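Working through the structure, step by step
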Amino acid sequence: MWLTFCLVSLVWVSTSQAHFCQNVFSDCYKRGEHWTRCYEDEILSCSLPRHKLPNFIHRRANSSHEANDSPTEEHGVHIPSSALQMSGGADLQEEVVLVITVFNSTYFQATGQGRSLRPSPNTHKQPTVLGQSVLLVKAGTHPVRNLSQSIKLTFKRNKQVENGICVFWQESDVQNETGDWSVDGCHTSDNQTHFICSCNHLSFFAVLVNPMLSVDKTNAVYLSYITYIGSALSVFFAAISLIIYICLQRRHPEKAVGVHMQLSGALLCLHLSFLLCNFWVWQLNEEEEEEEEDLLCQVLGFFLHWSLLACISWMALEGFHLYLLLVRVFNIYVRRYLLKLSVVGWGLPTLIAVVCGVSGVYGKYSLELRDANNRSSTAHICWMSSHFPQRLLVSYITTMAFPSLVVLFNFCMLGLVVFKLWVLRAHGGWNKSDEKKWSRLWKDCATVLGLSCVLGLSWGLASTTFISLPAIYIFTILNSLQGVFLFLWSMALTWKSQSDNKSLVRDSSSQKMITI
């Protein structure tokens, strides 16, 4: 009886004094700001529980062999033998304790000064930790630094990040300061699927990224409905606008109306191709042959890209025609003017789209979405293939750089229109009664808004979609309804044409401004 009591007491004492690994973090975190040093010191000597801890590796590693471990599916660690030997000290221990685990980044609040990572001035957001995961790699009881052979850390990247940089947590020696992220001794590389960190020491590691604004699944559904409804309306009203411009051109042939007619046709093709691409992917059966899927998606992607380029080209030609009207007033005649504009407006997009098609750019594009519960889903569209290696380069050149230049040029042209209107009204237009003055003001505002639509200045709002979700909604609404706005502009030209036919005295300056 006495022997049994002694054995039970011994077991109870040993159990109560054991320092289990799952308790190390909570004990160290309660001590204050410098909990990371405490954790590194005590985690090596802790006792493992009977059950396996998630995302936690605690084992003895042979110092003469390299170590390869993965605490999670998103993280991987490769440690050369030289690092394990250094962690054992001068005794050259045959085995050392190796600890690899993952923490939530919310426990690392940067308040330190000095050698901290500063975000690039070109980024629009402060850097955030990739996946909110911080990876600890600790081996042996001796510090490991200035390695000749770097350790390799892999972090699986997601599709919502633009760039990333490998960092480690450097604790501060100043009281009441925790520390900060530092890049010293770490090199970053990227293989499209993972960030690879090569560091010459052991510590707490993470990847800081500047993420693009993400849209959750709920908002993505709302934006999709807005886009589909708006594009359907644009197809209908762009077709009506095209008919109106054809009738106006037959009745009173004008170069401006001819340019508007071409833009209406390009806009009709753009929204129609967008709806067809989405409709086909939605109807696509997963059991169909992959070759058939790729072939049709390539054709639809070609049509969508060509339509977008044609639409942007004709917006640029609208700005060019406006330049001729307002600046080159006395030398506006160009032989076969509309034919030459058509060669540029339709020929250039065709050339670019054919080159991209031959290069294999087009196919199915996949976009990953996440809902409020962090569950992921994938949306597809026939566009530029996600598997094409140079997709980002082609996309940036043809759908970002080119439209940006066009919007910038057209914005300057619109500013010139506003200046001309101001000069025109300042030389006699404002001497009339208040009623006519406000009537002229409303007409001028309508002219500016109509030209903003014709010149495609709403596409310039694409730069704001990286900032906030409301900006995405505004951009989506305005551009999906561009065909409707173009229809309203065509109706304004029709009413102006009818009023001019009834009027005996015409203001030539006002006529020029409204028909552009």
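Scroll up to find the structure this text is about.
The shown structure was predicted, so the numbers you read here are calculated from the model rather than taken from an experiment.

Conventions used here
Residues numbered from 1 in each chain as written. Predicted model: local features only at pLDDT ≥ 70, side-chain atom pairs only at ≥ 80, totals over all residues. Heavy atoms only, no water. Salt bridge = Lys/Arg side-chain N within 4 Å of Asp/Glu carboxyl O. Helix = DSSP H or I, 4+ residues; strand = E, 2+ residues; numbered from the N terminus. Buried < 20%, exposed > 50% of the residue type's maximum accessible area, 1.4 Å probe, protein only. Disulfide = S-S within 2.5 Å. Core = buried A, V, L, I, M, F, W, Y, C linked by side-chain atoms within 4.5 Å. Contact = heavy atoms within 4.5 Å. Phe/Tyr/Trp six-rings, centres within 6.5 Å; stacked < 30°, edge-to-face > 60°. Expected span 1.5 Å × (residues − 1). Bend = angle between axes of the 7 residues up to and from the residue. Axes fitted to C-alpha atoms, helices over the stretch in contact; angles between N-to-C directions. Parallel < 35°, antiparallel > 145°, perpendicular 65-115°, else oblique. Left-handed = near helix turned anticlockwise from the far one by under 90°. Nonpolar A, V, L, I, M, F, W, Y, C, P; charged D, E, K, R; others polar.

**Some points on the pattern of salt bridges**
- For the structure on display, the rule yields 4 salt bridges.
- Note that Arg157 and Asp190 form a salt bridge whose closest N and O atoms lie 2.2 Å from each other. Here Asp190 lies in strand β10 (residues 186–190) and Arg157 lies in the loop between β7 (151–156) and β8 (161–171), a separation of 33 residues in the sequence.
- Residue classification places Asp190 among the partly exposed residues on the basis of a relative accessible area of 37%.

**So, the state of the cysteines**
- Applying the stated criterion across every chain yields a total of 5 disulfides.
- The residue that forms a disulfide with Cys21 is Cys46, at a sulfur-sulfur distance of 1.9 Å. Between Cys21 and Cys46 the disulfide shows an S-S torsion of about 85 degrees. By sign, it is right-handed. Separated by 25 residues along the polypeptide, Cys21 in helix α2 (residues 21–29) and Cys46 in the loop between α3 (35–42) and β1 (56–62) bring together distant segments of the chain.
- Put simply, Cys166 and Cys197 are joined by a disulfide, and their sulfur atoms are 1.9 Å apart. Classification of the bridge connecting Cys166 and Cys197 rests on its S-S torsion, roughly -80 degrees, and on that basis the disulfide is left-handed. Linking Cys166 in strand β8 with Cys197 in strand β11 (residues 194–199), this pair joins segments that are 31 residues apart in sequence. Of the two residues, Cys166 and Cys197, neither departs from the other in class, the shared state being buried.
- Once the disulfide-bonded cysteines of the protein are ranked by sequence position, their pairing pattern turns out to be 1-4, 2-3, 5-7, 6-8, 9-10.
- Of all cysteine sulfurs, the one in Cys311 lies closest to Cys269, which takes part in no disulfide; the gap is 9.4 Å.

**Regarding the nonpolar core**
- If you look at the biggest cluster of nonpolar residues, it comprises 54 residues, and the most contacted ones within it are Tyr245, Leu263, Cys311, Trp314, Val361 and Cys382.
- Counting only elements with at least two residues in this core, the list comes to α5 (217–251), α6 (255–283), α7 (290–326), α8 (337–358), β14 (376–384), α9 (391–426), α10 (434–454) and α12 (482–502).
- Take this core: its biggest share by element is 15 residues, from α7.
- Ignoring any residue separated from it by four or fewer positions in sequence, one finds Leu263 in contact with Cys311, Trp314, Met315, Glu318, Val454 and Leu486.

**A short note on the packing of aromatic side chains**
- Summed over all chains, the structure comprises 26 aromatic pairs.
- The interplanar angle of 90 degrees and the centroid separation of 5.2 Å between the aromatic rings of Phe25 and Trp35 together place this pair among those described as edge-to-face. Of the two residues, Phe25 sits in helix α2 while Trp35 sits in helix α3, which places them 10 residues apart along the sequence.
- Geometrically, the ring pair formed by Trp169 and Trp181 is edge-to-face, given 5.0 Å between the ring centres and 75 degrees between the ring planes. A residue pair is termed long-range when its members are at least 10 positions apart, and Trp169 in strand β8 and Trp181 in strand β9 (residues 179–182) qualify at 12 residues.

**Focus: α8**
- Here α8 contains 22 residues, and its C-alpha end-to-end distance of 31 Å stays within 8% of the 32 Å for a straight helix at 1.5 Å per residue.
- Gly347 marks the point of greatest bend in α8, at about 30 degrees, and the proline Pro349 comes within the next four residues.
- Where α8 ends, the next residue or the one after it, Gly360, has phi of about 80 degrees, a positive value.

**Focus on the packing of α5 against helix α11 (residues 469–480)**
- α11 packs onto α5 with a crossing angle of 15 degrees between their chain directions and a minimal axis gap of 8 Å. Taken together, the axes of α5 and α11 lie roughly parallel to each other. Handedness of the crossing formed by α5 with α11: right-handed. Taking contact as the criterion, the partners of Asn219, Tyr222, Leu223, Ile226, Thr227, Gly230, Ser231 and Ser234 in α5 are, on α11, Leu469, Ile472, Tyr473, Thr476, Ile477 and Ser480.
- Broken down by class, the residue content of the contact of α5 with α11 amounts to 7 nonpolar, 7 polar and no charged.

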